[in-house]
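Fold and contact review
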Amino acid sequence: MLNLVSNVLLSQDVADLTSDADRVQELETMIRDIHDELTKPNLSDLFPALASLDLQGRRRRTAKRLTRFFDFFDPFIQRRLKDVGERKEDFLDVLLQLHSADELKIQTIKSFLLVRSLRGRDRYQLSNGGMDDG
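As a starting point, this report considers the structure included with it.

Some words on the overall build of the protein chain
Counting its regular elements, the protein chain contains 6 helices and 0 strands. When the helices and strands of the protein chain are placed in sequence order, the string is α-α-α-α-α-α. A buried classification covers 34% of the 134 residues belonging to the protein chain. Here the protein chain has roughly 8500 Å² of accessible surface; of this, 55% comes from carbon and sulfur atoms.

Structural notes on the side chain of R58
On the secondary structure map, R58 appears in helix α4 (residues 58–82). Filtering out sequence-adjacent residues up to four positions away, R58 remains in contact with E37, L38, T39, K40, P41 and N42.

Regarding the nonpolar core
Counting residues in each nonpolar core, the largest one holds 19 residues, and the members touching the most others are L27, F69, F73, I77 and I109. Looking at this core, the elements with two or more residues in it are α2 (21–39), α4, α5 (91–100) and α6 (106–127). Per-element accounting of this core gives the leading share, 6 residues, to α4.

Quick word on the environment of V94
Residue position: V94 is located in helix α5. With relative accessibility at 45%, the residue V94 sits in the partly exposed group. It is 9.9 Å that separates the C-alpha atoms of V94 and I109, two residues lying 15 residues apart in sequence.

What about the layout of surface pockets?
Of the volumes computed, that of the second largest pocket is approximately 180 Å³. When contributions to the lining of the second largest pocket are tallied by element, the ones reaching two or more residues are α4 and α5. Among the elements that take part in the lining of the second largest pocket, α5 stands out by supplying 5 residues, more than any other. Looking at the lining of the second largest pocket, its residues break down into 3 nonpolar, 3 polar and 6 charged.

Reading guide: rules and limits
Residues numbered from 1 in each chain as written. Predicted model: local features only at pLDDT ≥ 70, side-chain atom pairs only at ≥ 80, totals over all residues. Heavy atoms only, no water. Helix = DSSP H or I, 4+ residues; strand = E, 2+ residues; numbered from the N terminus. Buried < 20%, exposed > 50% of the residue type's maximum accessible area, 1.4 Å probe, protein only. Areas by Shrake-Rupley, 256 points an atom, 1.4 Å probe, with all protein chains shown as cover. Contact = heavy atoms within 4.5 Å. Core = buried A, V, L, I, M, F, W, Y, C linked by side-chain atoms within 4.5 Å. 1 Å grid on protein atoms, 1.4 Å probe; cavity = no way out; pocket = protein on both sides within 12 Å on 5 of 7 lines; lining within 4 Å. Points joined across faces, edges and corners; volume = space filled by probe spheres on them. Nonpolar A, V, L, I, M, F, W, Y, C, P; charged D, E, K, R; others polar.

As structure tokens, this is what we get:
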């Protein structure tokens, strides 16, 4: 499932399942952890005055997980930026075209990749009857 999503986004497998099992597991864990953190009940939603205290540590954990996720995709984005003449006609290519026209920042591109990855996880869970294989 992970490589299906990565092929749509990047026109390449994020990892070879036989040789990069650790990398595949790392990305799947990152996506699952971010998804779980974003969907947990938050005390600050009930008591907005407590939001700045981050009593549950959610802001800190989420920031750390997002940084790891964005760092994971940096090499893919940098490789594409170096290969300007080579077009892949995929989601990342469209986003990078907008970046080259000064309409998107790299951080926005990473955010789009995050949303699409989380969305791919949601669809995978729905197609498996809500069962999480992690």
